[in-house]
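What the coordinates show
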Amino acid sequence: MADQKMASNAARVLAAVPYLADLDPAALEAVARAAVCRTYDADQIVFTEGEPCTGLYVVEDGWLKSVKISLAGREQVVRFVGPGETFNEVGVLAGAPNQATVIALEPCAVWVIHRDAMVALLESDRHLARLISE
């Protein structure tokens, strides 16, 4: 029962993402089953630039910032992400390391679709692959 509730919650959050919203219910359910919920405290690092890409992140609650940190330690904000938004798309689609460091600005809940699961979903669902590439 708890797994069904988590999958239902994941499907609700993922359906708010523009390129996932048009998926048929079965495909959305498959993506939701592949997603894992992670929570972060304020100022907690979600991932660091240059690390291997874990997956695609979808924000359920809270705000985060994506930053580049210079060799001198100066921080440049690349973007802010909030509820319903995704981040780490480049790493997932290109198979590249994380392109920036992401830090929670407040307590956050995010859904992670691991890269391997996302690639498998893209390979098995051409409609999803087309939606993401547009």
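Reference entry: report on the structure contained in this document. (Residues numbered from 1 in each chain as written. Predicted model: local features only at pLDDT ≥ 70, side-chain atom pairs only at ≥ 80, totals over all residues. Heavy atoms only, no water.)

Strand order in the open sheet formed by four strands is S2-S7-S4-S5, and the pairing between neighbours is antiparallel. Since the sheet does not close on itself, it has two edges, and those belong to strand S2 (45-47) and strand S5 (75-81), each with one partner. Across this sheet, the average inter-strand angle for adjacent strands is 35°, counted without regard to direction. With six bridges joining them, strand S4 (residues 64-69) and S5 adopt antiparallel strand pairing. Opposite Val67, over in S5, you have Val77 as the bridge partner. (Pairing = 2+ DSSP bridges. Helix = DSSP H or I, 4+ residues; strand = E, 2+ residues; numbered from the N terminus. Axes fitted to C-alpha atoms, helices over the stretch in contact; angles between N-to-C directions.)

Formed by 24 residues in total, the largest nonpolar core has its most connected members in Leu14, Leu20, Leu23, Val31, Ile113, Met118 and Leu128. Elements with a contribution of two residues or more to this core: helix H1 (2-14), helix H2 (18-21), helix H3 (25-34), strand S3 (55-61), strand S8 (108-114), helix H5 (115-124) and helix H6 (126-133). Ranked by size, the runner-up nonpolar core spans 13 residues in total, among them Leu64, Phe87, Cys108 and Val110. (Core = buried A, V, L, I, M, F, W, Y, C linked by side-chain atoms within 4.5 Å. Buried < 20%, exposed > 50% of the residue type's maximum accessible area, 1.4 Å probe, protein only.)

This brings us to H3. Burial in H3 covers these residues: Ala27, Leu28, Val31 and Ala32. The buried residues of H3 occupy an angular sector of 140° when projected down its axis, which confines them to one face. Exposed and oriented more than 90 degrees from the buried face of H3 are Pro25, Ala26 and Arg33. (Arc of directions from axis to C-beta.)

Our next topic: the pattern of salt bridges. Considering all chains together, one arrives at five salt bridges under this definition. With a shortest N-O distance of 3.0 Å, Glu49 and Lys68 are connected by a salt bridge. Highlighted residues: Glu49 in the loop between S2 and S3 and Lys68 in strand S4, separated in sequence by 19 residues. Judged by relative accessible area, which is 33%, Glu49 ranks as partly exposed. Relative accessible area serves as the criterion here: at 33%, Lys68 is assigned to the partly exposed category. Here Arg79 makes a salt bridge to Glu89, at a shortest N to O gap of 3.9 Å. Remark: Glu89 occurs in helix H4 (residues 89-94) and Arg79 occurs in strand S5; sequence separation between them is ten residues. (Salt bridge = Lys/Arg side-chain N within 4 Å of Asp/Glu carboxyl O.)

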